[in-house]
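Residue-level listing of the chains:
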There are 4 protein chains.
Amino acid sequence: MTEPKDTAERRLLPPGPAEWQRRWYEVIFESDTPAGKAFDVALLVAIVVSILVVMLESVEPLAAKYGRAFDIIEWVITLLFTLEFLARMACVAQPTRYVFSFFGVVDLVSLLPTYLSLFVVGADSLLVIRTLRLLRVFRVLKLARHVSESRTLLAALRQTWPKITVFLLVIFCAILISGTVMYLIERDQDSGFENIPISVYWAIVTMTTVGYGDIAPRTDAGRFVAALIMLFGYAVIIVPTGIFSAEVLTSNRGRRKACGACGADELSPHANFCEHCGERV
Amino acid sequence: MTEPKDTAERRLLPPGPAEWQRRWYEVIFESDTPAGKAFDVALLVAIVVSILVVMLESVEPLAAKYGRAFDIIEWVITLLFTLEFLARMACVAQPTRYVFSFFGVVDLVSLLPTYLSLFVVGADSLLVIRTLRLLRVFRVLKLARHVSESRTLLAALRQTWPKITVFLLVIFCAILISGTVMYLIERDQDSGFENIPISVYWAIVTMTTVGYGDIAPRTDAGRFVAALIMLFGYAVIIVPTGIFSAEVLTSNRGRRKACGACGADELSPHANFCEHCGERV
Amino acid sequence: MTEPKDTAERRLLPPGPAEWQRRWYEVIFESDTPAGKAFDVALLVAIVVSILVVMLESVEPLAAKYGRAFDIIEWVITLLFTLEFLARMACVAQPTRYVFSFFGVVDLVSLLPTYLSLFVVGADSLLVIRTLRLLRVFRVLKLARHVSESRTLLAALRQTWPKITVFLLVIFCAILISGTVMYLIERDQDSGFENIPISVYWAIVTMTTVGYGDIAPRTDAGRFVAALIMLFGYAVIIVPTGIFSAEVLTSNRGRRKACGACGADELSPHANFCEHCGERV
Amino acid sequence: MTEPKDTAERRLLPPGPAEWQRRWYEVIFESDTPAGKAFDVALLVAIVVSILVVMLESVEPLAAKYGRAFDIIEWVITLLFTLEFLARMACVAQPTRYVFSFFGVVDLVSLLPTYLSLFVVGADSLLVIRTLRLLRVFRVLKLARHVSESRTLLAALRQTWPKITVFLLVIFCAILISGTVMYLIERDQDSGFENIPISVYWAIVTMTTVGYGDIAPRTDAGRFVAALIMLFGYAVIIVPTGIFSAEVLTSNRGRRKACGACGADELSPHANFCEHCGERV
């Protein structure tokens, strides 16, 4: 009997009191035992198959030919997912907590479209929400480590957030102003700058260097301003990259010692004395 | 009664001498009090609404349907902004200093287009200058910290400026030469390289990797040169990114204490004791 | 008689016992002697010529004019490569080990298409696999150093892999979901979003900022969602760049000596004396 | 009388022996005196004007209207540049050394097209080579500092070159192979993949994320392979960025002490003892 200990989800959902609940919990929610791992892999396969079916069903020639097979696969998988959902509820001590956890909501929402499709046309396209279930892959591939990795990333993002906010606000104003200026210049041409929202869309397409070309300036003035916008967009991408790189590096270096006397962590790994209480480490 | 102390704008614009001026100043220019915060949030909402109205008014079907409503909203907001502008002038000791400060100019200029639109057709598109008023958002979201963040960024940019200038000059020459070479190669084709300025525009569109495709080489020689230009453009983006990343990191690290006893620098800025000799810093 | 020592390939393939085998091995597998270097350069030239011939043969006007010459060059080079392959097998102690090494497989596979083209039409396009033989250039250009360089890179990639996996999974889900959402919005337009796989293709084209423009949203809702996707794609490119930059820097720094006397680490790898206490390292 | 000392060009070109040569040299080759600065600024203005004239002359409506004026300006500037070239030769000790220096060649070559245009039609488009003369701007804008900055950059590039070579070779092979694979898949479609060189051009356009869209895959298989190529191209841009960022940072940190005893430079700025000879710094 293992103690769930390394992920937020597990801590929120301790196994129910009965012996069979503990065993089911081990298989369904964990992946340390062979059975648990096999369950998770089977689940991932089912998720991938269900997403593939939704995608292929949208391709007309395939839908015409294999539509019936797709429907059957979809219903079989949906029934399996329903059973899985019920089993998950059955083996945790507090089912409501599971239902309202992130994965609980995703599990539930990814079931609904198939049932809804009995009543509403087109609802089964929503099945793509099942994509989110792929995030369960973290469990299978040595989850704990990956989760701690992504926590480092999130910490670096949180650290850099204020700086990046300043930067994003400047970009946002630049996009609005560029879009409007281009609208004023190009509106009488037949070049696609029909109104300010479309021009702002063009400014986003241009600044992110996507550049579809369905809307493109034709006047000399328009092209001149567009060139300035591109050079500006090209220049600014370096700013957040620099900020973020520096932050990741700083947090990488932060595998720090702790002081036995005062409990301060975050000491330099080269420290001989605690910088807070002066005690020898 | 608070002392304005943490932003350049506040220091430049101390409240006027009368008691009501101090109270107004607190509400209008600061955001530490509930009233001040409420005022700033209301102002931001009004700015966003006014920008949205300008944008939507440029969409023909919406203008046809709601044109009258848009006009009314615009006039109401402009009148409110006018009152706000007068109030700002009334409660500072030196109104002219406010009028000629950055936000003073923005506030004034963002009022004019509506009034001008009574006499000049199309002037109200200039209303987009109100976008700049969005920068007031810094005040609402714990301004002081953000301003110091952007100062760090500006310092890093200033530090890297000479290096980036060298780099930009090389890029600039490369763009001019590429554009002309492509003009010489492609001018007799019907591929859009009509004259050197347009070819230079193409070189910018290509080097920034936007790539609309409205102008694209068709001859073999043109495509060969274009491929070289793209590979060059792709290679050079890493240069300023590297320069800037290194600079941000260096300036991140630059807030370190030094120990008076053993001379170790590079101590954490939060250290009370030297981590090398244990001496109190 | 040199001892093969600095590359994995050489260690796997010691020369055969006979004297002529040793001498051939030196020429064919190594590049320290003038003969060995000349052989390698000649080989690279032959590889480049063979690739050029395959490329030019696909250009119709050239194929019509010089098709016969191309065929002759291809056959001559293929025969030379066949002789080279047999010579390589002849001069190593264990020919099968060579045949199943990376370069052995590449050498063999790059011979087959010409012979196959006698029986199968179009097989000679596979000749492009000869491109992989270009990797032999590492041997000519002071190989040992380059190999150690690329090992550093691979180590940095391996170190950052778990973090980048987390990141890629998020991107992957974002691409699937974006594609499906755009399909739901744009499917009734004639804008190219015909089915979910094509929409997912569009999402990849957009997120990587390639942006061909053959498929582009036309509805207001579609453009709004596309703008969000672009901004998201633009934002996320900074994440892996930051992770990788930090890792390369950390691994750059990781070749430092430590002082036995005072315990200082972070000494330069070229230091003879400790820079802190003056003791010989 | 100043001693030319801080740039390679100046050291190569000492003033001639006569007094007037020294004075001319100061004005023409240096920019420390007011006269020297004024000369350089006037030169830059003339260079910019001459480039603008070449660009505008290629615009047909402008050429038709102002063609005569453009011709006159071009000839006046060319004559001035000729006089300047002769003056430069007159005031240096070894005129041939100037003529064969980088700027000497650029100065001469940028004169020829105008004279050639008397005999050869279209030769004046070559005038764009005058763009290179813009590099003289380094002299005006506190040159010494900029040159040392760009030396740091070049050093970082040289340091990272072997790693980046490995990387570029992999990219190069990937581009060749991608192009050929796409040709094999798409050649029977009317999607522009006419032959392998064009497909390789497409691969470059795609991997650099330029993405014109004039050539784009239409088959399902083609789009699938293209998506893989894009994701690969997107992934690899982070590699050189990381390498270069790390290198710039390392070289930034390298403002190092030198040892008085053994002359070793490149000591750590925190060193107390020389790491080579053990002497106290």
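Residues numbered from 1 in each chain as written. Chains lettered and ligands numbered in written order. Predicted model: local features only at pLDDT ≥ 70, side-chain atom pairs only at ≥ 80, totals over all residues. Heavy atoms only, no water.

1. A look at the overall build of chain A
Helix and strand counts for chain A come out as twelve helices and zero strands. In chain A, the order of α-helices and β-strands from amino to carboxyl end is α-α-α-α-α-α-α-α-α-α-α-α. Across the 281 residues that make up chain A, the buried fraction comes to 53%. Long-range contacts, defined as pairs at least 24 residues apart, comprise 52% of the intrachain contacts of chain A with a sequence gap of at least 6. Carbon and sulfur atoms provide 66% of the accessible area of chain A, an area that totals close to 13200 Å². (Helix = DSSP H or I, 4+ residues; strand = E, 2+ residues; numbered from the N terminus. Buried < 20%, exposed > 50% of the residue type's maximum accessible area, 1.4 Å probe, protein only. Contact = heavy atoms within 4.5 Å. Areas by Shrake-Rupley, 256 points an atom, 1.4 Å probe, with all protein chains shown as cover.)

2. Details of the environment of R218(D)
Residues and elements named next belong to chain D. Examined against the element boundaries, R218 turns out to sit in the loop between α10 (196–207) and α11 (220–236). With 126 residues separating them along the chain, R218 and V92 place their C-alpha atoms 64 Å apart. In this structure R218 touches E186, D190, S191 and R223, once residues within four positions along its chain are discounted.

3. Some thoughts on the relation of the copies chain C and chain A
It takes a turn of 90° to lay chain C on chain A, together with a shift of 0.0 Å along the axis; the resulting RMSD is 0.1 Å. Here the copies are linked by what is in effect a four-fold axis. (Least-squares fit on C-alpha atoms with pLDDT ≥ 70 in both.)

4. So, the pattern of salt bridges
Residues and elements named next belong to chain A. Across all of its chains, the model carries 13 salt bridges over all chains by this definition. R88 serves as the salt-bridge partner of E84, at 2.6 Å between the closest nitrogen and oxygen. With E84 and R88 both in helix α4 (residues 60–91) and four residues apart, this pair spans about one turn of that helix. The exposure class assigned to E84 is buried, which follows from its relative accessible area of 7%. (Salt bridge = Lys/Arg side-chain N within 4 Å of Asp/Glu carboxyl O.)

5. Points about α11(D)
With 17 residues, α11(D) should reach 24 Å at 1.5 Å per residue; the first-to-last C-alpha distance of 24 Å fits that figure. Within the sequence span of α11(D), burial applies to G222(D), R223(D), V225(D), A226(D), A227(D), I229(D), M230(D), G233(D), Y234(D) and V236(D). (Expected span 1.5 Å × (residues − 1).)

6. Observations concerning a nonpolar patch on the surface
Residue and element names in this part refer to chain A. Taken together, V105, L108, V109, L112, L116, L118, F119, V120 and I129 make up a surface patch of nonpolar side chains, about 760 Å² in accessible area. Residue assignment for the nonpolar patch shows that the elements contributing at least two residues are α6 (102–109) and α7 (112–116). Per-element tally for the nonpolar patch: the top contributor is α6, with three residues. Counting through the fold element by element, L112 comes out in helix α7. (Patch = residues over 30% accessible without salt bridge, like charges linked within 9 Å, V, L, I, M, F, W, Y side chains within 5 Å.)

7. Here's the deal with the interface of chain C and chain A
Taken residue by residue, the interface counts 48 residues in chain C and 44 residues in chain A. Of the roughly 4000 Å² buried where chain C meets chain A, counting both sides, 73% is carbon and sulfur surface. It is K163(C), Y234(C) and I238(C) in chain C that bury the most area against chain A; as a group they hold 17% of the surface buried on that side. Between chain C and chain A we count one salt bridge in total. Between D214(A) and R223(C) there is a salt bridge, and its shortest N-O distance comes to 3.9 Å. Joining chain C to chain A, the criterion identifies three residue pairs in polar contact (both at pLDDT 80 or more). Elements that contribute at least two residues to the side of chain C that touches chain A include exactly α9 (143–186), α10 (196–207), α11 (220–236) and α12 (238–253) of chain C. A per-element tally of the side of chain C that touches chain A places α9(C) first, with twelve residues. Classifying every residue of the side of chain C that touches chain A by side-chain character gives 29 nonpolar, eleven polar and eight charged. (Buried area = accessible area lost by both parts, 1.4 Å probe. Polar contact = N/O pair within 3.5 Å; in protein donor to acceptor, adjacent residues only side chain to side chain. Nonpolar A, V, L, I, M, F, W, Y, C, P; charged D, E, K, R; others polar.)

8. Quick word on the packing of aromatic side chains
For the structure on display, the rule yields 32 aromatic pairs over all chains. When the centroid spacing of 6.3 Å and the interplanar angle of 55° are considered together, the rings of Y66(C) and F70(C) count as tilted. Of the two residues, Y66(C) and F70(C) both sit in helix α4 (residues 60–91), four residues apart, roughly one turn of that helix. The exposure class of F70(C) is buried, given its relative accessible area of 8%. Three or more aromatic residues joined by ring pairs form one cluster here, namely Y25(A), F29(A), F85(A) and Y98(A). A cation over a ring is seen here: R88(A) above F29(A), with NZ or CZ 4.9 Å from the ring centre. (Phe/Tyr/Trp six-rings, centres within 6.5 Å; stacked < 30°, edge-to-face > 60°. Lys NZ or Arg CZ within 6 Å of the ring centre and 35° of its normal.)

9. Some points on unusual backbone geometry
Its identity is not glycine, yet T209(B) carries a phi of approximately 60°, on the positive side. Summarising the element assignment, T209(B) is placed in the loop between α10 (196–207) and α11 (220–236).

10. A short note on the packing of helix α10 (residues 196–207) of chain A against helix α11 (residues 220–236) of chain A
Residues and elements named next belong to chain A. At a minimum axis separation of 9 Å, α10 and α11 run at an interaxial angle of 50°. Between α10 and α11, the angle falls in the class oblique. Between α10 and α11 lies a crossing of right-handed hand. Residues W202, T206 and M207 of α10 touch α11, and the partners they reach there are A226, I229, M230, F232 and G233. The residue makeup of the contact of α10 with α11, split by class, is six nonpolar, two polar and no charged. (Axes fitted to C-alpha atoms, helices over the stretch in contact; angles between N-to-C directions. Parallel < 35°, antiparallel > 145°, perpendicular 65-115°, else oblique. Left-handed = near helix turned anticlockwise from the far one by under 90°.)

11. Let's talk about the nonpolar core
Among the nonpolar cores identified, the biggest contains 248 residues, and W202(A), W202(B), W202(C) and W202(D) are the most heavily contacted of them. Among residues more than four places away in sequence, those in contact with W202(B) are M182(B), F193(B), I215(B), A216(B), P217(B), A226(B), I229(B) and Y212(D). (Core = buried A, V, L, I, M, F, W, Y, C linked by side-chain atoms within 4.5 Å.)

12. Here's the deal with the side chain of T209(D)
Note on T209(D): relative accessible area 12%, which makes it buried. Residues within four places of T209(D) in sequence aside, it is in contact with T209(A), T209(B), T208(C), T209(C) and V210(C).

13. A closer look at the confidence of the model for chain A
Residue and element names in this part refer to chain A. Looking at chain A, pLDDT values average 77 and 76% of them are 70 or higher. Low pLDDT, under 50, characterises residues 1–8; the stretch is placed with 13 contacts to residues that sit more than four places away or in other chains. Here residues 265–270 is modelled with pLDDT under 50, and outside its nearest four sequence neighbours on either side it reaches 20 contacts, counting other chains as well. Scoring of the predicted complex yields 0.81 for pTM and 0.78 for ipTM. (pLDDT = per-residue confidence, 0-100.)

14. So, the UniProt feature "transmembrane region" (unreviewed entry) in chain A
The positions that UniProt labels "transmembrane region" (unreviewed entry) are, in the present scheme, residues 38–56, 68–87, 99–123, 164–185, 192–212 and 224–246 of chain A. Annotation note: span residues 68–87 of chain A, helix share 100%, strand share 0%, distance between end C-alpha atoms 29 Å. (UniProt positions renumbered as here; feature names shortened; annotations may be inferred.)

15. Brief notes about helix α6 (residues 102–109) of chain C
All of the buried residues in α6(C) are F103(C), G104(C), V106(C) and D107(C). Projection of α6(C) onto a plane perpendicular to its axis shows the buried side chains occupying an angular sector of 165°, all on one side. (Arc of directions from axis to C-beta.)

16. Quick look at the packing of helix α2 (residues 19–29) of chain C against α4(C)
All names here are of chain C. Where α2 meets α4, the axes come as close as 9 Å, and the angle between the chain directions of the two elements is 130°. Looking at the two axes, α2 sits oblique to α4. The hand of the α2/α4 crossing is left-handed. Facing W20, Q21, W24, Y25, I28 and F29 of α2, the residues of α4 in contact are A87, R88, A90 and C91. A per-class count over the contact of α2 with α4 returns eight nonpolar, one polar and one charged.

17. As for the environment of A69(B)
Residues and elements named next belong to chain B. As for its placement among the helices and strands, A69 is situated in helix α4 (residues 60–91). By relative accessible area, which is 36% here, A69 ends up partly exposed. Along the primary structure A69 and E57 are separated by twelve residues, whereas in three dimensions their C-alpha atoms are 9.9 Å apart.

18. Some words on the side chain of R223(B)
Secondary-structure assignment places R223(B) in helix α11. Relative accessible area serves as the criterion here: at 14%, R223(B) is assigned to the buried category. With residues near it in sequence (within four places) discarded, R223(B) still touches P217(B), R218(B), I198(D), Y201(D), D214(D) and I215(D).

19. Considering the environment of S178(B)
Residue and element names in this part refer to chain B. Following the sequence through the fold, S178 ends up in helix α9 (residues 143–186). S178 sits in the buried class, given a relative accessible area of 9%. It is 9.9 Å that separates the C-alpha atoms of S178 and I196, two residues lying 18 residues apart in sequence. Dropping the residues within four chain positions of it, S178 is found in contact with A203, M207 and I229. Within polar-contact distance, the side chain of S178 engages the backbone oxygen of A174 at 2.4 Å.

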